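# Coordinate inspection notes
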Amino acid sequence: GYGIAKFDKNSRLIWAFGQNAHHDVYVSPESENIYALTQSIFREAVEGFEYLPYPQLLDAIVKLSPDGEVIDSIDILTAFKDTAYEALMQKQTESSSKRRKAWDSMHTNSIRILEKDMADRF
């Protein structure tokens, strides 16, 4: 990943976000906040996820204001911590030699926010 930038109609830089953003961004029509995927290399185990191989490329979700300022972020592993999905991930990691060698276990390609107008469908 590289980053995210906003330009005006004359291609002048308005703002830049220099973290390793990749694959997809989502701009909320309600708030105009920007949600993006980022990635970082973790060379040591994340607490509670020692069963994953390391080093590990880990994805996160970052929420930016319309002006490109970081509002919040959460790493994908933390989002799955103590859920049935984490238990499934651990089980697959333990039972698959191929999975044990994977260093990008939580690779994320797309992001969408469930907006209020969708709430009745979820």
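It is worth spelling out the overall build of the chain at this point. Helix and strand counts for the chain stand at three helices and six strands. Listed by position from the N terminus, the elements making up the chain come as β-β-β-β-β-β-α-α-α. By principal-axis analysis of the C-alpha atoms, the chain measures approximately 55 × 35 × 20 Å. Going through the 122 residues of the chain one by one, you find that 31% of them count as buried. Across the chain, the fraction of contacts at a sequence separation of at least 24, relative to all contacts at a separation of at least 6, is 48%. Taken as a whole, the chain presents about 8,300 Å² of accessible surface, with 52% of it coming from carbon and sulfur. With 14 positive and 19 negative side-chain charges, the chain shows a spacing of 6 Å between the two charge centroids.

The step from tyrosine 54 to proline 55 runs through a cis peptide bond, and the omega angle for that step is 5 degrees. Position of proline 55 relative to the elements: it lies in the loop between β4 (34-42) and β5 (56-64). Here serine 11, not a glycine, exhibits a phi torsion of approximately 65 degrees, which is positive. Structurally, serine 11 can be placed in the loop between β1 (4-7) and β2 (13-17). Serine 11 gets classed as exposed once you look at its relative accessible area, which sits at 60%. With a phi angle near 60 degrees, aspartate 82 is a residue other than glycine that sits in the positive phi range. Structurally, aspartate 82 is set in the loop between α1 (76-80) and α2 (84-95). We classify aspartate 82 as exposed; its relative accessible area is 67%.

Take the confidence of the model for the chain next. Low pLDDT means the predicted coordinates in that region are not meant to be read closely. Within the chain, residue pLDDT values average 87, and 90% of them lie at 70 or more. Averaged pLDDT values for the elements of the chain fall to 55 in helix α3 (residues 97-101) and rise to 96 in β2.

To continue, consider the pairing of strand β6 (residues 70-75). In this structure, β5 lies alongside β6, joined through five bridges in antiparallel fashion. Along β6, the bridge assignment pairs leucine 64 with valine 70. Where β5 hands over to β6, the hairpin turn is made up of five residues, of which glycine 68 adopts a positive phi near 85 degrees.

Here the focus is the pattern of salt bridges. This structure, assessed with the given rule, holds three salt bridges. Between arginine 112 and aspartate 24 there is a salt bridge whose closest N-O contact spans 2.9 Å. Note that arginine 112 is positioned in the segment after α3 and aspartate 24 in strand β3 (residues 21-27), a separation of 88 residues in sequence. Classification of arginine 112 by relative accessible area gives exposed; the value is 53%. What makes aspartate 24 buried here is its relative accessible area of 15%. Between arginine 121 and aspartate 120 there is a salt bridge, with its nearest N and O atoms 3.8 Å apart. Of the two residues examined, arginine 121 and aspartate 120, each falls in the exposed class.

Before going further, it helps to examine the side chain of glutamate 115. Within the secondary structure layout, glutamate 115 lies in the segment after α3. Ignoring sequence-local partners within four residues, the contact set of glutamate 115 consists of Tyr26, Ser28, Pro29 and Glu30.

Ordered in space as β3-β4-β5-β6, the four strands form an open sheet in which the pairing is antiparallel. Of all strands in the sheet, those with a lone pairing partner are β3 and β6, marking the two edges. When the angles between neighbouring strand axes are averaged without regard to direction, this sheet yields 25 degrees.

Parameters at a glance
Residues numbered from 1 in each chain as written. Predicted model: local features only at pLDDT ≥ 70, side-chain atom pairs only at ≥ 80, totals over all residues. Heavy atoms only, no water. Helix = DSSP H or I, 4+ residues; strand = E, 2+ residues; numbered from the N terminus. Buried < 20%, exposed > 50% of the residue type's maximum accessible area, 1.4 Å probe, protein only. Contact = heavy atoms within 4.5 Å. Areas by Shrake-Rupley, 256 points an atom, 1.4 Å probe, with all protein chains shown as cover. Lys, Arg positive; Asp, Glu negative; His and termini not counted. Charge placed at Lys NZ, Arg CZ, Asp CG, Glu CD. pLDDT = per-residue confidence, 0-100. Pairing = 2+ DSSP bridges. Salt bridge = Lys/Arg side-chain N within 4 Å of Asp/Glu carboxyl O. Axes fitted to C-alpha atoms, helices over the stretch in contact; angles between N-to-C directions.

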